[in-house]
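# Coordinate analysis (summary)
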Amino acid sequence: MLEKEKIALFDMVTADLSFSSLIENIQKKIFDNPIMITNTYFKVIAMSTDTDFNDDVWNYAKKYHCCSKESILSFREDSASKRLFSQNKSFLYKTNLGKNIPRILGRIAKNDVVYGYIIIFEINHKLEDIDIQKSNLVCKVLSPLLANKTTNDSIYNSRREYFYLNLLHINENNKLEIENEILQFQWDFKSYFQVLSIICPTDKSHYIYLSNEINKIAQDVTSFIYADQILTVLNFNDENIKNTYIKQIQQLLIDFPVKIGISRTFYDLSELKVYFHQALRARELGVLIHKNEILYPFYQYEYYDMIAHYPSKEWPSLICNEYHLLKTYDTVNHTQLLQTCITYFLTGSKVSKAAQELGIHRNTLLYRLSTIEEIIHKNSSDVKILDLIYHSRLIDQLMQVQDSSIYDPDS
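Residues numbered from 1 in each chain as written. Predicted model: local features only at pLDDT ≥ 70, side-chain atom pairs only at ≥ 80, totals over all residues. Heavy atoms only, no water.

You'll find the chain entered in an unreviewed UniProt entry as Helix-turn-helix domain-containing protein, with Absicoccus intestinalis given as the organism. The record held by UniProt for the chain lists under Sequence similarities (unreviewed entry) the comment "Belongs to the CdaR family." (UniProt positions renumbered as here; feature names shortened; annotations may be inferred.)

### Quick look at the overall build of the chain
In terms of helices and strands, the chain carries 17 helices and 10 strands. By the compact-globule yardstick of 22 Å for 411 residues, the chain is too spread out, its C-alpha radius of gyration being 30 Å. With the C-alpha coordinates of the chain rotated into their principal frame, the extents come out at 95 × 45 × 40 Å. By residue count, 48% of the 411 residues in the chain fall in the buried class. (Helix = DSSP H or I, 4+ residues; strand = E, 2+ residues; numbered from the N terminus. Rg over C-alpha atoms; globule rule 2.2 N^0.38 Å. Buried < 20%, exposed > 50% of the residue type's maximum accessible area, 1.4 Å probe, protein only.)

### Comments concerning helix H1 (residues 3-13)
Every buried residue of H1 is listed here: Glu5, Ala8, Leu9 and Met12. Seen along its axis, H1 keeps its buried residues to an arc of 100 degrees; they face one direction. Turned more than 90 degrees off the buried face of H1, the exposed positions are Ile7 and Phe10. (Arc of directions from axis to C-beta.)

### Some points on unusual backbone geometry
Even without being a glycine, Asp228 presents a positive backbone phi close to 65 degrees. Mapped onto the secondary structure, Asp228 falls in the loop between strand E7 (221-226) and strand E8 (229-236). A positive phi angle, near 60 degrees, is found at Ser349, a position not held by glycine. The topology assignment puts Ser349 in the loop between helix H14 (337-346) and helix H15 (351-358).

### Concerning the sheet that holds E8
Here we have five strands laid out as an open sheet, ordered E7-E8-E6-E9-E10, and mixed in their pairing. With partners counted over all chains shown, the strands left at the sheet margins are E7 and strand E10 (295-297), one partner each. On average, adjacent strands in this sheet sit at an angle of 20 degrees to one another, irrespective of strand direction. Bridge count between strand E9 (residues 259-262) and E10: three bridges; the pairing is parallel. Its bridge partner lying in E10, Ile262 is registered against Pro297. Sheet strands in contact with helix H11 (residues 272-289) are strand E6 (192-199), E7, E8, E9 and E10, and its direction is about 40 degrees off that of E6. (Pairing = 2+ DSSP bridges. Axes fitted to C-alpha atoms, helices over the stretch in contact; angles between N-to-C directions. Contact = heavy atoms within 4.5 Å.)

### Re the side chain of Glu322
By the secondary structure assignment, Glu322 is in helix H13 (residues 321-333). A relative accessible area of 11% places Glu322 in the buried class. Reaching out from Glu322, the side chain makes a polar contact with the side chain of Lys378 at a distance of 2.7 Å. Ignoring sequence-local partners within four residues, the contact set of Glu322 consists of Ile376, Lys378, Ile385 and Ile389. (Polar contact = N/O pair within 3.5 Å; in protein donor to acceptor, adjacent residues only side chain to side chain.)

### A closer look at helix H10 (residues 239-252)
Taking 1.5 Å of rise per residue, the 14 residues of H10 would be expected to cover 20 Å, and the 20 Å separating its terminal C-alpha atoms lies within 8% of that figure. Three or more residues of H10 are buried, namely Lys242, Tyr245, Ile246 and Ile249. In an axial view of H10, the angular spread of the buried residues amounts to 95 degrees, which keeps them on one side of the axis. In H10, those exposed residues whose orientation departs by more than 90 degrees from the buried face are Asn240, Lys247 and Gln251. Those residues of H10 that are buried are in contact with E6, helix H9 (207-215), E7, E8, E9 and E10. One side-chain oxygen at the N-terminal end of H10 lies 2.7 Å from the backbone nitrogen of Asn240; it belongs to Asp238. (Expected span 1.5 Å × (residues − 1).)

### Observations concerning the packing of H15 against helix H16 (residues 362-376)
To characterise two packed helices, one gives the angle between the axes of the helices and the distance between these axes. Relative to each other, H15 and H16 sit at 100 degrees, their axes nearing to 9 Å. Taken as axis vectors, H15 and H16 run roughly perpendicular relative to one another. Residues Val351, Ser352, Ala354, Ala355 and Leu358 of H15 pack against Arg362, Leu365, Leu366 and Arg368 of H16. Its residues assigned to classes, the contact of H15 with H16 comprises six nonpolar, one polar and two charged. (Parallel < 35°, antiparallel > 145°, perpendicular 65-115°, else oblique. Nonpolar A, V, L, I, M, F, W, Y, C, P; charged D, E, K, R; others polar.)

### Some thoughts on the confidence of the model for the chain
Averaged over every residue, the pLDDT of the chain is 88; residues scoring 70 or more account for 93%. Mean pLDDT across the secondary structure elements of the chain bottoms out at helix H8 (residues 175-185), with 70, and peaks at E10, with 97. Predicted confidence for residues 150-157 stays below pLDDT 50, and this span has six contacts to residues more than four positions away or in other chains. Contacts for the low-pLDDT stretch residues 405-411, under 50 throughout, to residues beyond four places or in other chains number 19 contacts. (pLDDT = per-residue confidence, 0-100.)

### Some thoughts on the nonpolar core
Judged by nonpolar contacts, the single largest core of 36 residues is most densely connected at Tyr304, Leu326, Ile372, Ile389 and Leu398. For this core, the secondary-structure elements that each account for two or more residues are H11, helix H12 (302-308), H13, H14, H15, H16 and helix H17 (383-400). Sorting elements by how many residues they give to this core places H17 first, with seven residues. Those residues in contact with Tyr304 that sit more than four places away from it in its chain are Leu285, Ile289, His290, Leu394, Gln397 and Leu398. Core analysis: the next-biggest nonpolar cluster, separate from the first, contains 24 residues, Met12, Ala46, Ile120 and Val138 among them. (Core = buried A, V, L, I, M, F, W, Y, C linked by side-chain atoms within 4.5 Å.)

Structure, rendered in structure tokens:
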């Protein structure tokens, strides 16, 4: 049975056709009905082009090269979707989206790994059992081709890595297509994400090895080489799990002089590019300002980042006089009043907690606060003054590294 079709498929596959040309030939010589091949996120890989007909799925795919969010959700709500996602045999679909135009749906898989789907529309002639058998045959023939295509497109890339790379290049031209892929991928993901930008300044020859080792930590930890660094994306539901991942990465890299920038936690995958730049910026700023550290969370460097986009010639004017007074006093008298003031602010003006952080007696802290008031002529518990002094210190730190062009907005 299907001997003629098997011979035709053999001739097509061995003719070294492009994938698009192969699908055009399969449509003409095997089905004589319009067909579409998608990946597992319903992004169109190829579709026959010699037929036009009025179907929402077909029209949208022809225009945007993917299935619409609405059609994907509608299909998933239909019980028939379970057959496509779970069974290896093609079937006739004539409910929901297939109510007006029935279609055969089939899964293209190899060794239980799904690489895509086939859709055959009932346009030129009625679909029958023989067409379902043909679909099963075509799926079997296409599975190694799609498996090989996926491998060649991203030789080092896992499924998630390939998707993350697409997200890093999102723009107005491909946004709609990628958002549809996000919709498909969200079933595989947990709720939250965080991006790590990792660099080892002394030796980048280990990057592939280190990236592969990080990938072994957990399925929800995805690491790959991108833009001359190791980019790692964490996916999690629980902050404690995320912190465990970061500790494991630190332990794994303990023998390497790495620097790690960490983005804020986010949940919208379409914003991955934004949070990648957060991690990158945190690492770049952190290495300059606190070069002896290893981890640089963006929330600790976002103020530096904002100021770095302000004209550098204006930076000195943003530093308050109280900061200058305390810094000068410390320099002349070899004291630590400025740090005392900042620690007092960061501990919520709590005397006992600030004293503990500074490693001094409570009475010593009270004496220092009294001295600070005499110098700046302001109440040491005035939150506005403390805030100004704290942020003045951040600006001053940035000024110390402004020779680096990457941090000087005027360069």
